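# A closer look at the structure
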Amino acid sequence: MRRPPLPTFLTDLDREPGAVQTLVAASLALLAAGLAPRVFSPGLASVQSAVRERPEIEVVLMLASVLTAGALLVGGVLGDADGRRRILLVALGAMAITGLGGLVFTDGPFFVPGRLIDVALASVVLPVALAGVATRFEGVTRATAIGLAYGAYGAASAAAPVLLTLFGPTGSRAPAFAAAAGAALAAFLYARPRWRDLPTAGPTQRVAVFITAVWAFGIVAITAGLIGFQGSGSEGPRIGLVVLGTLLVAGGLLVERRRRRAGRPGLHIQRRPVAIALFVGFVIAYAQTAALFQVPIYFQLVLGYGPILSVVATVPFMVALAVAGPVAGILLARFSPRTLLTSGILAVGLGSIVIAAILRPGAGYLGFALSFVFIGAGFVIATTVRTAIIFASVPRGLPATAAALNEASVALGARAALVVVTVVVTTLALDSYASSLVGRSASEADAAVSTFRTLLSAINMPTYGVLIGGIEASDGAAYATAYTGAVRAVMLSTGVLTLLAAPIAWLAIGPSDPLLTVWQHEDERHGPAVAVSG
């Protein structure tokens, strides 16, 4: 029986010999980076419990998110200033070692430094691996390849917290560390004979690479400072981040201007499309994470799905995530990047609005499944297009920096959602419940609110089952009402803000093709490749 031919968007990936091997090596490396156990991630139940109990630690978690984004930019500088294959191989080999170390040192003085080193190594692997894909493919095919590579990273990032809590929040972490070590080792063995050096900006432009990372980190710091912390004592860090970011951006741009006037080599970056892409990345990552984190908790607490079924209920999102990546390549051949980017944002926002509309005790599953499809497909399509825009707006000499910029905005948006949304939901739920205690004495009301806070802090923790078993039916109904209203308000506001971001992106991009914004990349549709001078 004759096999049906493969789709064109897949066969185009293999036009250049060795290109598919590069894509597979990069995907395995990104799989390893995504599986790196982040034991202090704000998405873990233990960290979430601490946030609900002490909202003021939001400041610490957000500052850690900014530093993580900075580590990604450091990885981008290493990839662009050096670019040799040993950077990826050494990082993967070290990740295999730190993964095995996590199996041996489960606690104590070696555990925390090992986790910090592992996260730093993953921050190096991610931009270098994506840079390998971006420089190996061109035009629409690049968008398809990046979508496939991001699919591997997204799947691993979703699986990592599940592996960490497979045996409960306080159980064994061995599955997570074993999977991370195995993935890093497999990626190392596959990449060693196949990965090649990346094209770099050249030795005379390494200063320009560093300057770009400086002002880019400034943008990250400003964004983090403006997202609106909810914890107490956040005004100082918020203002500090905005001031620091402004100084870094202004200083970086000033140095670039002086270098140009002195006739020194520089790297031309189209900042407007890059800024738009960063803005979109933060928005869709925030909205997607808010939905995919809060709704499964709601399934478990209010709809009674149970922990396993609550995770299984997100399968439509996972399917949409996997399918939408390669489909984005097909759509790019038929629709403009501007149209697809805006449509992806609208889909994510619409999914959040639908969830807010149907959220209630006893709600059916079909509406949630449809929302997950919207959010998953919209997120991947928008991410694929915005990633292609970033790489098209940055010279070939900065592929790793472009990858770091791309991921930093998404990572910051996701972490902000995990922290800020948790604080907001907890605050709104407690306030709503407190307002229902009219007629009780102040001491009785305070005690009742304290009991509810304790219950919220125990969500997904071993003590939750014991606490919920001792609650009277009337109190349980009041808790469910307060919690439902809080989650609905957050999903509605998130959806509205995401929908508002769509016309902003549409107008800011303009009618010109954002994939052709830098002259080095116009050859991808109009002629032979042009090398970047070093």
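For every chain, the first residue of the written sequence is number 1, and numbering continues from 1 onward in sequence order. Per-residue local features are limited, in this predicted model, to residues with pLDDT of at least 70; the limit for side-chain atom pairs, both in listing and counting, is 80 or more; totals at the level of whole chains, interfaces and linings are taken over all residues. Side-chain numbers here rest on the full set of heavy atoms in the structure, without hydrogens or water.

### Quick look at the overall build of the protein
A count of helices and strands for the protein gives 20 helices and zero strands. Across the 534 residues in the protein, those meeting the buried criterion constitute 52%. The contacts in the protein between residues at least 6 apart in sequence include a share of 83% that link residues at least 24 apart. In short, Shrake-Rupley with a 1.4 Å probe defines the accessible areas, and a residue's cover is counted only from the protein chains shown. When the accessible area of the protein is evaluated, it comes to approximately 22300 Å², of which 67% is carbon and sulfur surface. Each helix corresponds to a stretch of at least 4 residues labelled H or I by DSSP, and each strand to a stretch of at least 2 residues labelled E; elements are numbered beginning at the N terminus. Type-normalised accessible area, obtained with a 1.4 Å probe on protein chains alone, sets the label of each residue: buried when under 20%, exposed when over 50%, and partly exposed for intermediate values. Only heavy atoms matter for contacts: two residues are in contact if any of them lie within 4.5 Å across the pair.

### Some details on the nonpolar core
Within this scheme, the nonpolar core is defined by two criteria: the residues are buried Ala, Val, Leu, Ile, Met, Phe, Trp, Tyr or Cys, and they are joined through side-chain atoms within 4.5 Å. Of all hydrophobic cores here, the largest spans 113 residues; its most connected members are Met 95, Val 125, Val 133, Leu 341 and Ile 345. It is helix H6 (residues 111–136) that provides the largest number of residues to this core, a total of 12 residues. Setting aside its immediate chain neighbours within four residues, Leu 341 contacts Val 280, Ala 382, Val 385, Arg 386, Ile 389 and Ile 509. Counting 43 residues, the second largest nonpolar core, distinct from the first, contains Ala 356, Leu 418, Val 449 and Ala 486.

### Some remarks on the confidence of the model for the protein
Looking at the protein as a whole, its pLDDT mean stands at 80, while 87% of the residues score no less than 70. One number per residue, pLDDT, summarises how confident the predictor is, and it ranges from 0 to 100. At the low end of the mean pLDDT range in the protein sits helix H20 (residues 519–526), at 38; at the high end sits helix H14 (residues 337–358), at 91. Low pLDDT, under 50, characterises residues 518–534; the predicted model gives this stretch 41 contacts beyond four residues in sequence or across chains.

### Notes on the pattern of salt bridges
Only one rule defines a salt bridge in this text: a Lys or Arg side-chain nitrogen within 4 Å of an Asp or Glu carboxyl oxygen. Considering all chains together, one arrives at one salt bridge under this definition. Across the pair Arg 115 and Asp 118 runs a salt bridge whose closest N-O atoms are separated by 3.0 Å. A residue pair is termed a helical-turn pair when its members lie 3 or 4 positions apart in one helix, as Arg 115 and Asp 118 do in helix H6 at three residues. By relative accessible area, which is 2% here, Asp 118 ends up buried.

### Some details on the packing of helix H2 (residues 19–35) against helix H8 (residues 174–191)
Only the contacting stretch of a helix is used when fitting its axis, a line to C-alpha atoms as for every element, and angles between N-to-C directions run 0 to 180 degrees. Contact geometry for H2 and H8: axes closest at 8 Å, N-to-C directions at 160 degrees. Taken together, the axes of H2 and H8 lie roughly antiparallel to each other. H2 and H8 meet at a crossing whose hand is left-handed. On the side of H2, the interface is formed by Gln 21, Val 24, Ala 25, Leu 28, Ala 29, Ala 32 and Leu 35, while H8 contributes Ala 176, Ala 179, Ala 180, Ala 183, Ala 184, Ala 186, Ala 187, Tyr 190 and Ala 191. For this classification, Asp, Glu, Lys and Arg are treated as charged, while Ala, Val, Leu, Ile, Met, Phe, Trp, Tyr, Cys and Pro are nonpolar and the rest, including Gly, are polar. Counted by class, the contact of H2 with H8 contains 15 nonpolar, one polar and no charged residues. Here the word oblique covers every angle except those under 35 degrees (roughly parallel), over 145 (roughly antiparallel) and from 65 to 115 (roughly perpendicular). Helix crossings fall into two classes, left-handed where the near helix is turned counterclockwise from the far one by less than a right angle and right-handed where it is turned clockwise.

### Some remarks on the side chain of Ser 371
Its place among the elements puts Ser 371 in helix H15 (residues 366–393). A relative accessible area of 0% places Ser 371 in the buried class.

### Describing a positive patch on the surface
Positive charge collects at one region of the surface, where Arg 257, Arg 258, Arg 260 and Arg 261 lie side by side. Structurally, Arg 261 is set in helix H10 (residues 235–261). On the basis of relative accessible area, Arg 261 is assigned to the exposed category, the value being 70%. Excluding any residue in a salt bridge, patches collect residues exceeding 30% relative accessible area, merging like charges within 9 Å and nonpolar Val, Leu, Ile, Met, Phe, Trp and Tyr side chains within 5 Å. Lys and Arg are tallied as positive, Asp and Glu as negative. Neither His nor the chain termini are counted. For charged residues, the charge sits on one atom: NZ in Lys, CZ in Arg, CG in Asp, CD in Glu.

### Structural notes on helix H17 (residues 442–457)
Expected helix span is computed as 1.5 Å times (number of residues minus one). In this model, H17 (16 residues) spans 22 Å end to end at C-alpha, consistent with the 22 Å of a helix rising 1.5 Å per residue. What H17 keeps buried is the set Ala 445, Ala 448, Val 449, Phe 452, Leu 455, Leu 456 and Ser 457.

### Observations concerning the packing of aromatic side chains
Any Phe, Tyr or Trp ring, taking Trp's six-membered ring, that has another such ring centre within 6.5 Å forms a pair; planes under 30 degrees apart are called stacked, those over 60 apart edge-to-face, and the others tilted. Throughout the structure, instances matching the rule amount to 10 aromatic pairs. Both rings, one in Phe 299 and one in Tyr 305, keep their centres 4.7 Å apart while their planes meet at 20 degrees; by these two values the pair is stacked. Consider the rings of Phe 452 and Tyr 479, whose centres lie 4.5 Å apart with planes at 0 degrees: the pair is stacked. Of this pair, Phe 452 sits in helix H17 while Tyr 479 sits in helix H19 (residues 473–509), and the two are 27 residues apart along the sequence. Each member of the pair, Phe 452 together with Tyr 479, is buried.

### Considering the packing of helix H5 (residues 85–104) against H8
Packing of H5 against H8 leaves a shortest axis separation of 8 Å and a crossing angle of 155 degrees. Here H5 lies roughly antiparallel to H8, going by the angle between them. Where H5 crosses over H8, the handedness of that crossing is left-handed. Mapping the contact onto sequence places Arg 85, Leu 89, Leu 92, Gly 93, Met 95, Ala 96, Gly 99, Leu 100, Gly 102 and Leu 103 in H5 and Ala 174, Phe 177, Ala 178, Ala 181, Ala 184, Leu 185, Ala 187, Phe 188 and Ala 191 in H8. Its residues placed into classes, the contact of H5 with H8 shows 15 nonpolar, three polar and one charged.

### Things to note about the environment of Leu 163
Mapped onto the secondary structure, Leu 163 falls in helix H7 (residues 139–164). On a C-alpha basis, the gap between Leu 163 and Ala 180 in space is 9.9 Å, while along the polypeptide they are 17 residues apart. Beyond its immediate stretch of four places on either side in the chain, Leu 163 contacts Leu 35, Pro 175, Ala 176 and Ala 179.

### Some remarks on the environment of Gly 281
Mapping Gly 281 onto the fold places it in helix H11 (residues 271–301). Using a relative accessible area of 0% as the deciding quantity, one classes Gly 281 as buried. In this structure, the C-alpha to C-alpha distance between Gly 281 and Phe 379, residues 98 residues apart in sequence, is 9.0 Å. Beyond its immediate stretch of four places on either side in the chain, Gly 281 contacts Arg 386, Ser 409 and Val 410.

### Digging into the environment of Ala 156
Looking at the element boundaries, Ala 156 is found in helix H7. Here Ala 156 falls in the buried class, since its relative accessible area comes to 2%. The sequence separation of Ala 156 and Ala 180 amounts to 24 residues, and the corresponding C-alpha distance is 9.5 Å. Here Ala 156 is in contact with Leu 31, Gly 34 and Leu 35, once residues within four sequence places are set aside.

### Re helix H3 (residues 45–53)
With seven of nine residues buried, H3 is to be regarded as a mostly interior element. If you follow the buried residues of H3, they end up packed against helix H4 (58–81), H11, helix H16 (399–435) and H17.

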